[in-house]
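# Remarks on the overall topology
Spelled out from the first residue to the last, the chains are:
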Amino acid sequence: MQLGGTGQHMSSPKIICQDVASSPPDVATRISERSCCLERSRLPAVRSLPKQLGNSQLMETGDGVPVSSRVSSKIQQLLNTLKRPKRPPLREFFVDDFEELLEAVQQPDPNQPRPEGSRTRPVRGEPLNAVGNWPLSLEASLQRWGTTASRMPCLTGLDTAGKPVCTLTYGKLWSRGIKLAFTLLNKIGSKQEAPLRPGDKVALVYPNNDPTSFIVAFYGCLLAELVPVPIEVPLTRKDAGSQQIGFLLGSCCISVALTSDACYKGLPKMATGDIAQFKGWPKLTWFVAESRNIAKPSKEWCPNIRKADHSIAYIEYKTSKEGSVMGITVTRLAMLTHCQAITQACNYIEGETLVNVLDFKKDVGLWHGIFASVMNMMHVICIPYSLMKVNPVSWIQKVYAYKARVACVKSRDMHWALVAHRDQRDIGFGSLRMLIVADGANPWSISSCDAFLNVFQSKGLQPEVICPCASSAEVLTLAIRRPCEDGAPLPAGRGVLSMNALSHGVIRVDSEDKLSALTVQDVGNVIPGAVVCVVQPEGVPHLCQSDEVGELCVSSPCTGTSYYGLSGITKSTFEVYPVDGSGCPSSDFPFVRSGLLGFIGPGGLVFVVGKMDGLMVVATRRHNADDVVATALAVEPMKFVYRGRRLIQYTKLAFTAWRSFQQTHYQRPLWVESTCQRHASASSRARCTLAMCSCALTHVSPNLPKPRQKQPEVGPASVMVGNLVAGKRIAQASGRDLGQLDDTEQAKKNLFLSEVLQWRTQSTPEHMLFILLNSRGVVSCSVTCAQLHRRAERVASALQERGRISPGDHVALVYPPGIDLVAAFYGCLYAGCVPVTIRPPHPQNIPSTLPTVKMIVEVSRAVFLLTTQGTLKLLRSKEAGNAVDMKSWPPMLDTDDLPRRRPALLHVADSPDSLAYLDFSVSTTGMLAGVKMSHTATSALCRAMKLQCELYPSREIAICLDPYCGLGFVLWCLSSVYSGHQSILIPPAELETNVGLWLTAVSQHRVRDTFCSYSVMELCTKGLGSQTEALKARGVDLGRVRTCVVVAEERPRIALTQSFAKLFKDLGLHPRAISTAFGCRVNLAICLLGTAGPDPTTVYVDMRALRHDRVRLVERGSPHSLPLMESGKILPGIRIIIVNAENKGPLGDSHLGEIWVNSPHNASGYYTLYGDESLHSDHFNARLSFGDTQTIWARTGYLGFLRRTDLTDASGERHDALYVVGSLDETLELRGMRYHPIDIETSVLRAHKHIAEW
């Protein structure tokens, strides 16, 4: 390959235009009559041609295609008017500087940095070494190892517990591949369908937990000379991503899809049992490539093991930022050469073990785990993503167990391992020589690498082991860092760059202490046999200067060749000829664009600072989605933003940028940088990470609201008088009166729940109280009143005899969801103990879940622990001993086989205000909080729910909730005993096995009232959305459902509830049956829509006014409108008032404020470890500063407002609707305005695709 200029000057294009008349032409005249003839020599391939203006005026059609034509001035004026955006509406709270915005758009900064370095030249990687016994193709390598080393392990798949499911040897891979190849060429197809022929394309549809079936199918296609096209498993029939993949399958003329038996059973099916036709997909013949379906080849048939050539080997799909799917073709010669290049770069040898955490169907996981491993007879351990979710350190454990030499991971896997590890003993990196970081090209991966090294360096991890790499689907592997030899110094592959300069595409060194600086690491040297250059990302591909950021291009025999069926963009991507400063091509060979933005550093090290797909242009400056993540990580890498979801957990990212109105466009970066420094000290107190930088801005709008002006001189009395003068009532409401107890409840008056159970045992001993269903929908356990009473007596007797506890001691109940938990709870009440329900640790993720159990046991001061036999073995296992200190557990007892003994005396509480149980849960800000519930509050809560939902002994309700805290615990354990109704208990974990369990149980038992959570509803929406016809065919009928209540401590999710109602409307579910409930820590149940009352209402408020703590109702579809649904009907005995959170004064109707509640079932207070409850006493004993100052209220900590509607309730009075906006502790107050994280997350979902997918 010869590089450098050719020495010939390129002639400029010759444009010959016909003479046009001066008068306006007829619009019906053909454009060809006035077309221009263009004669030019061979020009470098560019992405967008510059607009050439002749004597005619340039106009664009509706599709953006430039058309040479002349138009009249009136038509041009009309077009300019239509192109101009409308003026922003609703200017009540904003300053309209729209004209200034138009003037500031696309104005270049005269002080912007410009490149000053010399013109770069292509950088060549080390040459490929000549190997004497290198196979002629990948199939030939498989034949060699399948015949000479048939017993050597090739690939091992793991289940969700981390245990090996199947170990595939090279002999089995070779024999199964031959059988599958013979079957595909001779047994597939019918008389009406043409059989498969060499060169045909075949889709491979395999899940990420079945690598053994995939590798057999892939090599079977190669042996049959077919072209495999690996794709993802389609989720639903109408999935947008699946539709785009369907377009790719159609363009490839694919008619056969290979899959596994487990995947085939999980695909959506029609009523006839056949696979449903996915939207946008061609008609496919689904073939299960299992051993029972493949035939043994005849003796005269053998696969054609040919030399690698330029025919297509496989097609790898890629999704662009617009969402379209493109297929990238890779030839057999490129696949073989790429295996040789990465083998030489990684120094692979025969018999090594590789742990692969990546997706084995594409990218680095495919190249190393499927190709290079077979080429070098390596043993691959595939870690499925389902195992990583329950045990993030599983890949580290397998490296230690298998003495692996190489591991392929992403930076997120390293980050999750850091969060989940708890000083485990069965981990070590002494055998690891190379840790390939597949997304090391991302600038923010350096923080995960550094943190991972700092933590695990004591476990044998060496700094030179971490090897980031850069790759893309077009160029395959571009660069990879090589592990250093023993004693060799590490190369300086780290730089601190100015993000302000990067936004202009210029490299400037900055200091690391600045928040506007970006630290990047190198991704090693160029892959062997390749040549890399840096060109300008747009326009003519000029070579960049040495201090300029451009797109990395590769010229190598091991790259992709084209986008299948897309010749236009193929030429602009795979046939690029770089141009030097004089305008001459610098190479005779074409380069391939990688889609990566970066530069070549000292020593030929490659640095990547972003991707073309993540590029955003704002005010002539280029920003990248990766810069946003890197900036947020630089400010604070780990903070919780909303309900335990990490801000920087590669799933969602909230980023906010502000600017000052009084400063010019060129002064704003300096202002933002100073703002960052002022907020750096306050970031540790914030509830989430706020990243403010000068260049990584997704969108900066100059039409921002001015800071809200506080009015401290306006007191609560003035506000109240102002509301009265304006004719607005005070925002307070109350539920119906609890009333007097009827005759049937006189025996239960002022009794405790333990005495209620005894009373029911005497009056109705055979009445069924609880029914527990398993994953198959079969009743696994049921108890009557008498049976529950006897089981509770056994628990109480065991506590008194074995535990030797005293009345008032706390007992931890660590049970899975079931009736054993209910019996243990009432057994504690019989013995005079205070029960504390705790979720048991996950058996597949003990290191992460067991410390939480131990923390609650210690904080609650539990002196005894009750559990089942299976959970007890789990707590005493070796893995549990590695996570926590086994000696610090209190005495433990399993209650599975207790003797039939009755306690000597059933305890009776001294006072109704004494403690009944402790309710522990993780708050919305990620803090562990426990509240005290007295016997009086417990009985009052059960009575209020009975009156609201009309719960009587003849009723049946279905409960699919976690029974450990809040309203879920009350419904699971308390409500049935108090009201006497029958509860059908459905553990939510069973839905992971049978997603239709809840809806099927509701239909079979003809339940009219059911309770669930948002997670259950979301699981049914995603898992059953395409199976409504199948459910209807099985007789599932939801027409009898009267109320379906979603229990949560948050703002109602309108989109989810509406989707659920729309999906299951065909099953008879009425939309008005779905409602929500609201409760919090200080009061477990505030609102709950019962059987009688008006339907929940939905209003639309202005989000901009909401930031100022104002409520302004707007029409549906208005700009910046936010839908809010009523949180349910206020429970009997509850009084609610909306209060100003700062001055504690009452607010008027439709004013946003903190929700205060007065109720007989309020919690007594927080339970703290050190007994210091004075810090939170105001939460349960708050008083108004003006007005009714005698009533004691409890502060919920949630913002909301009351609105009196035109509807009437059952009593004939106008209905007061409560709308919950969000938690006060979660809000972000910036510039005097309040933002809710859920609104930020919703906005991020609509932002750039690459940010939303993290």
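Starting from 1, residues in each chain are numbered consecutively following that chain's sequence as written. Per-residue local features of the predicted model are confined to residues with pLDDT of at least 70, and side-chain atom pairs are confined, for both listing and counting, to 80 or more; whole-chain, interface and lining totals are unaffected and use all residues. Side-chain figures throughout are based on the complete set of non-hydrogen atoms in the structure, without hydrogens or water.

## Brief notes about the overall build of the protein
A run of H or I in DSSP becomes a helix once it reaches four residues, and a run of E becomes a strand once it reaches two; helices and strands are each numbered from the N terminus. Each helix and strand counted, the protein has 34 helices and 55 strands in total. Working definition: with a 1.4 Å probe on protein chains only, accessible area under 20% of the residue-type maximum means buried, over 50% means exposed, and in between means partly exposed. In the protein, which comprises 1254 residues, the proportion classed as buried is 55%.

## Quick look at the packing of aromatic side chains
Only Phe, Tyr and Trp rings are paired, with Trp represented by its six-membered ring, and only when their centres lie within 6.5 Å; those with planes under 30 degrees apart are stacked, over 60 edge-to-face, the remainder tilted. Taken as a whole and judged by the stated rule, the model has 27 aromatic pairs. When the centroid spacing of 5.5 Å and the interplanar angle of 65° are considered together, the rings of Phe429 and Phe456 count as edge-to-face. Of this pair, Phe429 sits in the loop between α12 (411–420) and β17 (434–437) while Phe456 sits in helix α13 (residues 445–456), and the two are 27 residues apart along the sequence. Residues Phe429 and Phe456 agree in their burial class; the two are buried. The rings of Tyr206, Phe214, Phe218, Tyr219, Tyr314, Phe360 and Phe371 are connected pair by pair, giving a single aromatic cluster. Each ring is checked for a lysine NZ or an arginine CZ that lies within 6 Å of its centre and within 35 degrees of its normal; such an atom marks a charge sitting over the ring. Taking NZ or CZ as reference, Lys269 lies 5.2 Å from the ring centre of Tyr264, over its face. Sitting over the ring of Tyr400, Lys403 keeps its end group 4.6 Å from the ring centre.

## With respect to the pattern of salt bridges
For salt bridges, the criterion is a side-chain nitrogen of Lys or Arg within 4 Å of an Asp or Glu carboxyl oxygen. Considering all chains together, one arrives at 34 salt bridges under this definition. The salt bridge partner of Asp413 is Arg412, with a shortest N-O separation of 3.8 Å. Owing to a relative accessible area of 30%, Arg412 belongs among the partly exposed residues under this scheme. The network of salt bridges with common partners includes Glu116, Arg508 and Asp547.

## Quick look at the nonpolar core
Each nonpolar core is a collection of buried residues, namely Ala, Val, Leu, Ile, Met, Phe, Trp, Tyr and Cys, held together in the definition by side-chain atoms within 4.5 Å. Of all hydrophobic cores here, the largest spans 98 residues; its most connected members are Ile215, Leu258, Tyr314 and Phe371. By residue number, the principal contributor to this core is helix α5 (residues 211–223), which donates nine residues. By definition in these notes, contact holds between two residues if any of their heavy atoms fall within 4.5 Å. For Tyr314, the residues in contact, after removing those within four places along its chain, are Phe218, Val227, Pro228, Ile328, Thr329, Val330, Met335, Leu366, Trp367, Phe371 and Leu476. Counting 92 residues, the second-largest nonpolar core is a separate cluster that includes Ala823, Ala937, Cys949 and Ile1130.

## Focus: the confidence of the model for the protein
Here pLDDT means the predictor's own confidence in every residue, given as a number from 0 to 100. Per-residue pLDDT for the protein averages 79, and the proportion of residues at 70 or more is 77%. Taken element by element, the protein is modelled with least confidence in strand β30 (residues 640–642), mean pLDDT 30, and with most confidence in strand β15 (residues 379–382), mean pLDDT 96. Contacts from residues 1–70, a stretch scored under 50 in pLDDT, to residues over four places away or in other chains number 103 contacts.

## Structural notes on the sheet that holds strand β13 (residues 325–331)
Pairing is antiparallel in the open sheet, where three strands are placed in the order β12-β13-β25. Strands at the two margins of the open sheet, each flanked by one partner only, are β12 (312–319) and β25 (562–563). Bridge count for β13 against β25 is two bridges, and the pairing is antiparallel. Bridge pairing links Ile328 to Tyr563 in β25. Sitting on the sheet, helix α8 (residues 332–346) is in contact with β12 and β13, with an inclination near 75° to β13. At least two DSSP bridges between two strands are needed for those strands to be called paired. Convention adopted: a line fitted to C-alpha atoms gives each axis, helices being fitted over their contacting stretch, and angles between N-to-C directions are expressed from 0 to 180 degrees.

## Let's talk about the sheet that holds strand β24 (residues 550–555)
Strand order in this open sheet of five strands is β5-β23-β24-β26-β27, and the pairing throughout is antiparallel. Of all the strands in the sheet, the pair left with one neighbour each is β5 (123–124) and β27 (606–611). Relative to β27, strand β26 (residues 592–600) runs antiparallel, the two sharing five bridges. Residue Gly598 lies in a different strand from β27, and its bridge partner there is Val608.

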